[in-house]
Amino acid sequence: PKLSGRKSVVLDPLFVMSQAPPSVMGNDPNAAGFTVPGLFPPALSSIPKETLEKLELPTLANAKKSVLVDLLKMAAQLEHSLLLQYLVADCTLKSRWEEFDAIQFEDDPDKQVLGNVRRGIQYEKARSHRLWTLQVAREEMLHLHYVCCLLRALGEPSYFVLDNIRLKPSEPSNEPDGWHFEGWQPKTTTEGSTDPSKRNPLDVTLSRYDPSTMLKFVVYESTDSLQKCLDKNEKRFNAEATRVMSDVSTFQTELSYQAATHDQKYTQKLMTEYNTRPAFPGTDANSLKDLSEVQHRVQRHMGQLDDQTTEFAFASIGDFYEYIRYYYHMAFALGWVVTSNAQRIQEQNTMGKEGMLPVIPVGRGSNFNINTATPDSTWKNVDAIIHEIVVEGEGAQDFLGACNRYMNAVKYKGDDPTGGSWPILTRSHLFKFFNMYGQYQHEIALLKRENADVKYNIYRSPLASKDEETQKQLTQFRDDLVLNINRVYLVMIAWLGRMYELPTDNTIKSQVDIPADTDNKRRWAIEATATWPLMSLAIRPALEAASFFKFLEPSTADSPRLWYCETFNKDPDSPEAQLLKVFNQQNERQLSQAERDNMDELNLRVLRNVAKWSKREQQTNWNPATDKESKIDWSKVYWEGHTTEGDPANVKLAKSMVFVRLTSLTKVWHFAPQFEYRRGGGYSANCPDFMKGTANDWKYEEKPTGLLFRDCMLLRLNFNGWGRVQLGTDPEPNTEEVGATGSTYTYPGEPGFDRTLFWQENYPKEYEGGVGIPERINRYIGPVLNYPNLGINFVKGQIYVAPEVWGELQSAAQFQATWPAVSPPASQYDIILQPDLDQVNALASTDDVAGTLGPTGVDLLPKKGIEAPELYRTPFLNGENHLLSRDGEPLDPFIFSICGENGKKNILSREIYNGDGLPIEQMTPVQRTITGRAPIGFSVANQQPSWVFETNPYLNQLFQTAGGVDNFSTRDAIIWQSNPLRTALRDIIDTQKIPKGPTGKEAHEFEALTDQGYIDKLSEYVRRINTTDPGLGGERSVWMTIFLRYVHTISGKLDKENSAEFMEKIKEFTGGLPVELFEIADDENQVERKAPNARWLVRYNQASFQTDSLAYVVYGQLFLPLKLTAPITGGTVTITRTWKVQTPDAKTDSVAQLVCNFATPLWPLSQTAVFEKKDGTCRRITTPSWTIKEKLDAKSEYNLKYSTKKLWKVFSTKQPCERTDNWEVTGKMENVPPYTEVSWVQTFQAPTREVGMSLLQMNIDLAVATQEALVNAFQWVVPPVATSTAPPDGQTVNNVKFEFSPSP
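Predicted model, so just to flag it, every value in this text is computed and none were measured. (Residues numbered from 1 in each chain as written. Predicted model: local features only at pLDDT ≥ 70, side-chain atom pairs only at ≥ 80, totals over all residues. Heavy atoms only, no water.)

S.K.: So what's going on with the environment of Glu766? Residues and values would help.
M.R.: Among the structural elements, Glu766 can be located in the loop between β11 (756–758) and β12 (791–811). For Glu766, a relative accessible area of 54% translates into the label exposed. Linking Glu766 and Lys904, residues 138 residues apart in sequence, is a C-alpha distance of 9.1 Å. (Helix = DSSP H or I, 4+ residues; strand = E, 2+ residues; numbered from the N terminus. Buried < 20%, exposed > 50% of the residue type's maximum accessible area, 1.4 Å probe, protein only.)

As structure tokens, this is what we get:
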């Protein structure tokens, strides 16, 4: 092939990208092998004609646009097929640590040795392989996007067709399935080459992740120079390439160990374990033969390429794109470029695209920057696009040389492996696959050293049965699953094509005349739903479910084949066949508006069919709670390589993993309502203007607005603490159990992620043993640094008189500037309560809730029947990877519990209103918005109330260590957390022991680890430390500083069965005030449910997520309305209060002069007394809320008595009342220590409840004023009431007593 190498001098001035000489390798920007393009190539007319003829390239005079279009279509098919194969292979990888526990054998699939000592190493390597392969697949998606942009700029439709190059085995066989690129060598003449000898076919075949697949991936991404290292006889790479593979994998492993330990001694100890530790329990490494002997044999037989692959002599992908680049420059010169992608590709609805996979190229530093110009408007940016595609794949032209230079520069020159140009090499597809193959080869050699018959696969084994009928059912499920994957795939590629539609332009031929902006809103909806949500909710989980079957090997000629859609034509009337027809038309020409509308409707119909099938299978065959309706006899199912028939140990795990993925696949029904919602401009909590909701929708409303409480006692309880969130972070799908592409992970011995939010260490006893109740991940470091304990407890409490409390959501725009670039809510709100309770005197207040109300906290309880009958669903974040909600999703199920005994006892709980148990996930988008349960805003640390840090020691320590709330440094915080992890790792290496428990005595007692446990822990801590590397930044850094704010009511079912003792303590807290919970209205009585006092109010923040410990802060306030059961009207209320004045100079006479002085009332100075009579026997006192006249009835040196007949409320008429106040001062000098007692007895009769509540509040206000006056005059007063002044000796005696006497 004339362009199979780029060393020819003639190519340098033409294509700019030249090979850098070895002497400049190192930190030089060109070190990885490419110069960064940016110069315009010379004018095409200046290239000698003989040069063009030699290279079989056209001139401007004989160039044809159709050749460029064909090249771009081939490029689209190449990128498309590669990303599908990478995605398939990735989803076949083992993911759970349990899958690495058994050592398997070649000669006997049922033979196994449990207790694989190298489990932890193999588990972490497989995790890395998943991450790297998914990264490559994602970049292939981006490359496909670039190619579609280049096609569109020529006035051509995007191209997503693959079926026309599909390999077609005539019947089920072991032949590979995939796509055949006949004539992969591009056509280089005007008419194209007709000589078959010049065409070297390329097959991209679908396969699991076995050694041959790894080798094949290396070939796909290889440079010309690396292709020359293929040994065609042995069907593998030659000795030089194999040596570099081994060196690269060992070097990268050592780098990760060095980053974890920061100590060469410990790094070498870890490398010794990595290189020598036997897998079989009890084996002595010293008794085994030398590893190098085994490695040579393994390298020859571990994995081989097929005959077709070893005959490759094709131009590399980089060479292929050189042709495209040359032709595209001609396209500009000849005027073929007729439209800019910017109008359509950048038109996303700003709300609709929140958090979605961008459909415009993402800036990648010097490689590509979309801010300078549109990607196809200049030669420079076309060069940049192609440069990025090539560099991301190949990394460097002289790949083996670049790898050697990289390792030498880092090892001997001290280069930063993450700095300079080295990431261009190490992040390339070729380098990742090269590294993976070397790691795999190393592991095989170590296992074969112990036993030559060992079989080591990193891909998942299938479920199977020796019973014919059971196997038939498993095979039928396999066929149905592949069929439904193809359905979703067809929907995705059809909608992706819609995103590249052409605007109307007279220069573009063969187009239907459609105004450019007719369909914008539909495309907004497509851009927001057909990318990340469809991939993460449907395609990736479904492929992972398929990995439990032989899904790449059709059982019959009629069995569906993965990614092959032509079979839908067997039923031409089906929505799938109709959709396929429109899809094929879309790849040939512009669709009319009617055809577009039809495509969208067909897509939604197909997705609904997928959801129905998934729901049926999830509820019957795969329901973990019951097998009653299952057609599969699970007692006859086994998991190859893990269990024998009838052994449920690991079959249960496999079944649950498939169930979780089927559950995710059921979510595709959301795309229909979401499509209309997004089309109208709605997203998350932002509702389109035209969607107001029906009465049935509004019944789910839990918004905290309007008159919330009236004529009641209001208990406000502040809670604070640490919860735990067991989920993978973006961009993981919701089904991810262990973590791969995000920043959270699980380790051997821990349960998998299930998205649960835990707020307490335990659930109530009635939930124990329930199907679906998960285990908690209890992660800690030991005595070096204990992570925050799980638990959210009450830390403050106040009880108020509440004549009226109104709620209003007000804009909080002052927080807007604090939000980082991670999918913010469109609007910022905060709740405003009127009156502001922080400005109102409380009847009683405590900072020791545990001592006052008992050791109580808050929790969210599980609920049964959400995902399947008899199956519990624990609370989780309901966003479905941004399909339903932006970051900071609603929590559901939401059963808010006041609990005791660290969650073991549900004292009092209440659920949000959900009608007949409708989960928020099953509501319509409008109903979800109306509930008001999404976050209403966010803020940062220095915007939180001071009590949040005062009552949360670990949070306070974290922020103080890292610069405080005003100058917080996430880097310093992460270092503070990672250093103890590093110390703990060194301790484990030195002692092979870990602490027995997370806290107390157990944290300082150690237990020995087994060999398997030791390797598990070493691998775990290396991953944990490297995950906490401050250089990684990303979501870890962002979410550590963000506080998401939620406020809503709770108005559903109430459970008060265990609340009697708690309510008695509340009565004691009030001083005997008889209160009880309000009766809850019937759920169907919407009027009563929305009446004042019918709801609870909760405001809470989720904040400061810690990715290693999985902990996050939860703090907030619960507002609980209480009904006053005493006859506050129609009887006499007596309130008695006492104070002890203990200071040495507080003589009884001095105290009496202060208290018993009618002329100087005990009110703050801002509240004045007005005397209406000269003899001083009557006074009027005015406060901001009321005015009252008081008449002196009796007075002595130690006694004061007065009364009132009338009360004026502000802005209201005067009200009659009967109130008497009697003050008495008594010396208790005989006591030790001596003190003076102040006694105040108030009695009143109120004609109305409003007057009675006002008199109660007046009593509280005067009690606070008295307290403050006594403290100001005499300093030591016991007890304080609603004041921050601490009592002496920590005394907290309540000084109030209530009595009620009904009228005769």
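S.K.: Pulling in residues and values, what's your account of the packing of helix α21 (residues 593–619) against helix α23 (residues 671–679)?
M.R.: At a minimum axis separation of 9 Å, α21 and α23 run at an interaxial angle of 145°. For the pair formed by α21 and α23, the contact residues are Asp600, Leu604, Leu607 and Arg608 on the first element and Phe671, Ala672 and Phe675 on the second. Here the residues of the contact of α21 with α23 are counted per class, giving 5 nonpolar, no polar and 2 charged. (Axes fitted to C-alpha atoms, helices over the stretch in contact; angles between N-to-C directions. Contact = heavy atoms within 4.5 Å. Nonpolar A, V, L, I, M, F, W, Y, C, P; charged D, E, K, R; others polar.)

S.K.: So what's going on with the pairing of β12? Which residues, and what values?
M.R.: Sheet topology places strand β10 (residues 706–726) next to β12; 15 bridges connect them, and they run antiparallel. Within the sheet, the bridge partner assigned to Trp722 lies in β12 and is Gly791. Alignment of β12 against strand β14 (residues 844–846), held across 3 bridges, turns out to be antiparallel. Following the sheet pairing, Ile799 is matched in β14 by Ala844. Of the pairings in the sheet, the one linking β12 to strand β13 (residues 829–834) comprises 6 bridges and is antiparallel in character. Residue Gly807 lies in a different strand from β13, and its bridge partner there is Leu833. (Pairing = 2+ DSSP bridges.)

S.K.: A description of unusual backbone geometry should follow, citing residues and the corresponding values.
M.R.: With an omega of 5°, the peptide bond between Asp730 and Pro731 qualifies as cis. Considering the arrangement of structural elements, one finds Pro731 in the loop between β10 and β11. Cis geometry is adopted by the peptide bond preceding Pro835, which originates at Gln834 and carries an omega value of 0°. Within the fold, Pro835 resides in the loop between β13 and β14. Positive phi, normally seen in glycine, also occurs at Asp711, with a value near 50°. As for its placement among the helices and strands, Asp711 is situated in strand β10. With a phi angle near 50°, Glu880 is a residue other than glycine that sits in the positive phi range.

S.K.: Now, about the sheet that holds strand β7 (residues 454–455): what can you tell me, with residues and values included?
M.R.: Strand order across the open sheet formed by 3 strands is β2-β1-β7, with antiparallel pairing between neighbours. Each edge of the open sheet is held by one strand with a lone partner, namely β2 (112–114) and β7. Strand direction decides the pairing type here: strand β1 (residues 102–105) and β7, joined by 2 bridges, are antiparallel. Among the inter-strand pairings, Gln104 is bridged to a residue of β7, identified as Lys455.

S.K.: Give a detailed account of helix α17 (residues 468–498), specifying residues and quantitative values.
M.R.: For α17, spanning 31 residues, the distance from its first C-alpha to its last is 45 Å, which sits close to the expected 45 Å at 1.5 Å a residue. Burial analysis of α17 places 23 of its 31 residues in the buried class, which makes it a mostly covered element. (Expected span 1.5 Å × (residues − 1).)

S.K.: Lay out the environment of Tyr638 with the relevant residues and their values.
M.R.: Along the chain, Tyr638 falls in strand β9 (residues 638–639). Its relative accessible area of 11% is what places Tyr638 among the buried residues. Separated by 16 residues in sequence, Tyr638 and Ala654 have C-alpha atoms that sit 9.7 Å apart.

S.K.: So what about the pattern of salt bridges? Which residues, and what values?
M.R.: A full pass over the atoms with the stated rule returns 63 salt bridges. For Arg325, the salt bridge goes to Glu322, with nearest N and O atoms at 3.8 Å. With Arg325 and Glu322 both in helix α11 (residues 317–334) and 3 residues apart, the pair spans about one turn of that helix. Accessibility classification places Arg325 together with Glu322 in one group, the buried group. Residue Asp558 is joined to Lys570 by a salt bridge in which the shortest nitrogen-to-oxygen separation is 3.8 Å. One end of the pair, Asp558, is in the loop between α19 (532–546) and α20 (575–586); the other, Lys570, is in the loop between α19 and α20, with 12 residues separating them in the sequence. With a relative accessible area of 58%, Lys570 lands in the exposed category. Residues joined in a network through salt bridges with shared partners are Arg130, Arg540, Glu544, Arg661, Glu732, Glu736 and Glu737. (Salt bridge = Lys/Arg side-chain N within 4 Å of Asp/Glu carboxyl O.)

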